[in-house]
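The chain contents come next:
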Amino acid sequence: MWGLLMSLVKEFYRNAQKEWERLDQPLCRIEFASTLGLIDTYFTNGQSVIDIGGGPGRYMIELLKRGCQVTLFDLSAENVSLAETKAAELGLKADDYLVGDARDLSVLNGRRFDGILALGPLYHLTEKPERISFLKSARSLLRPRGILIAAYLNAWGIARTLLADAPGWFADRRNMELLLTGARFVGAHACSGFTECHWSTPDDAVGEIEDAGFVVVEEVGAEGFAGGMRNELTAIAENNPAVFAQVVAYGVLTSKSPQYRRATDHLLIVGRA
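Notes on the structure in this doc start here. All of these numbers come straight from a predicted model, not from anything done at the bench.

### Considerations on the environment of isoleucine 149
Mapped onto the elements, isoleucine 149 comes out in strand β5 (residues 142-154). Expressed as a C-alpha distance, the spacing of isoleucine 149 and aspartate 96, which sit 53 residues apart in the sequence, is 20 Å.

Structure follows, in structure tokens:
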């Protein structure tokens, strides 16, 4: 079963160029900027960082620009190949480019890092024991007081996105329960337009990080005040780029605000080993 699920996830990410361009979409530009804010806070020049599930390397390249020593680890060979190409075009090079499954980090045994980015694995591991196992394995790779920045898909925030993008989802009352409690989507029940994944509630996500032995440092709602406003952001970006730049800045400013941070699609959690 797990082999089939990971094959489906791998197939979804075969189009590496599409995944590279995702962060250029208006809503995703706030996600990108707020995540870079965390990188600038917790990872400094000379530190070693592994980007697990790093896709085609958008964050890897930003870490390299900041003087970090970086290892990229991703399920998709196409993503890893594109990441190496994109880095080379900028005269940059990661320490290592590895293709692998986040459920098996044994290729990294004996290595230690100052930081870990995990911005994809935790919502593609659809069972809680697998997520906890991954988090414990990741923690074993960190030096004392090393930092993990992890992303979860947030069921509470996704409710706002569905209201705009797929209002028919609310026709079934059972779907509302899934938004309140979190849900696993596989096979025929996988999310429309996406692949096999898990939506977590913020409380469950924080609990998993703590269960794996991390101390939670902070939570960030990646899209800030603009969560669920994909269509509005697209219109602003197209019609008034100067205003849109200010909207992105305000999105980052509000990403840590308690009234917004648990109401965005992507919940970022910073944990210390």
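Back to the write-up after that little detour.
### Quick word on the pairing of strand β1 (residues 48-52)
Of all 5 residues in β1, 5 are buried; the element is thus mostly enclosed. In this sheet, strand β2 (residues 69-74) lies alongside β1 in parallel orientation, the contact comprising 5 bridges. Bridge pairing in β2 links isoleucine 50 to threonine 71. Viewed along the sheet, the connection from β1 through helix α4 (residues 58-65) into β2 turns out right-handed. By the bridge criterion, 4 bridges tie β1 to strand β4 (residues 113-118) in an arrangement that is parallel. Within β4, the position partnered with aspartate 51 by the bridge is leucine 117.

### So, helix α12 (residues 241-254)
Given a rise of 1.5 Å per residue, 14 residues ought to cover 20 Å, and the 20 Å separating the end C-alpha atoms of α12 matches this to within 8%. Those residues of α12 that fall on the buried side of the exposure criterion are Phe244, Val247, Val248, Gly251 and Thr254. Buried residues along α12 cover an arc of 130° about the axis, so they all sit on one side. Structural note: α12 exposes Ala242, Gln246 and Leu253 on the side pointing more than 90 degrees away from its buried face. Contacts from the buried residues of α12 go to α3 (26-42) and α11 (230-239).

### Quick notes on the nonpolar core
Counting residues in hydrophobic clusters, the biggest one holds 46 residues, and the most contacted among them are Phe43, Tyr59, Met60, Leu63, Leu117, Ile149 and Trp199. The leading source of residues in this core is α3, at 6 residues. Core analysis: the second largest hydrophobic core is formed by 27 residues, Leu108, Leu122, Val206 and Ile209 among them.

### Considerations on the pattern of salt bridges
Counted by the stated rule, this structure contains 16 salt bridges. Notably, a salt bridge pairs glutamate 127 with arginine 184, separated by 2.8 Å at the nearest N-O pair. Remark: arginine 184 occurs in strand β6 (residues 183-185) and glutamate 127 occurs in the loop between α6 (121-124) and α7 (128-141); sequence separation between them is 57 residues. Glutamate 127 sits in the partly exposed class, given a relative accessible area of 31%. Here arginine 262 ties to aspartate 203 by a salt bridge, and the two come within 2.6 Å at their closest N and O atoms. Separated by 59 residues along the polypeptide, arginine 262 in the loop between α12 and β9 (266-272) and aspartate 203 in helix α10 (residues 202-211) bring together distant segments of the chain.

### Points about the packing of α3 against α4
One way to put it is that α3 packs onto α4 with a least axis distance of 11 Å and a crossing angle of 40°. It follows from the interaxial angle that α3 and α4 lie oblique. The element α3 and its partner α4 pack so that their crossing is right-handed. Of the residues in α4, those touching α3 at Glu31, Phe32, Thr35, Leu36 and Ile39 are Arg58, Tyr59, Glu62 and Leu63. Of the residues belonging to the contact of α3 with α4, the class tally is 5 nonpolar, 1 polar and 3 charged.

### Side note on the state of the cysteines
All told, the structure shown has 0 disulfides when counted by the stated rule. Looking at the unpaired cysteine 28, the closest cysteine sulfur is the one in cysteine 197, lying at 15 Å. A residue is classified by how much of its surface remains accessible, and cysteine 28, at 6% relative accessible area, is buried. Owing to a relative accessible area of 0%, cysteine 197 belongs among the buried residues under this scheme.

### Brief notes about the packing of α3 against α11
For the pair α3 and α11, the least separation of the axes is 7 Å and the interaxial angle reads 95°. Here α11 runs roughly perpendicular to α3, going by the angle between their axes. On α11, the residues touching Pro26, Leu27 and Ile30 of α3 are Arg230, Leu233, Thr234 and Ala237. Its residues assigned to classes, the contact of α3 with α11 shows 5 nonpolar, 1 polar and 1 charged.

### A few points about the side chain of glutamate 219
Of note, glutamate 219 is situated in strand β8 (residues 215-221). Overall, the relative accessible area of 13% leaves glutamate 219 in the buried class. One polar contact links glutamate 219 to arginine 262, side chain to side chain, over a distance of 3.0 Å. When residues no more than four places from it in sequence are discounted, the contact partners of glutamate 219 are Val206, Lys256, Arg261, Arg262, Leu267 and Leu268.

Quick notes on the rules
Residues numbered from 1 in each chain as written. Predicted model: local features only at pLDDT ≥ 70, side-chain atom pairs only at ≥ 80, totals over all residues. Heavy atoms only, no water. Helix = DSSP H or I, 4+ residues; strand = E, 2+ residues; numbered from the N terminus. Buried < 20%, exposed > 50% of the residue type's maximum accessible area, 1.4 Å probe, protein only. Pairing = 2+ DSSP bridges. Right-handed = clockwise from strand over helix to strand, strands pointing away. Expected span 1.5 Å × (residues − 1). Arc of directions from axis to C-beta. Contact = heavy atoms within 4.5 Å. Core = buried A, V, L, I, M, F, W, Y, C linked by side-chain atoms within 4.5 Å. Salt bridge = Lys/Arg side-chain N within 4 Å of Asp/Glu carboxyl O. Axes fitted to C-alpha atoms, helices over the stretch in contact; angles between N-to-C directions. Parallel < 35°, antiparallel > 145°, perpendicular 65-115°, else oblique. Left-handed = near helix turned anticlockwise from the far one by under 90°. Nonpolar A, V, L, I, M, F, W, Y, C, P; charged D, E, K, R; others polar. Disulfide = S-S within 2.5 Å. Polar contact = N/O pair within 3.5 Å; in protein donor to acceptor, adjacent residues only side chain to side chain.

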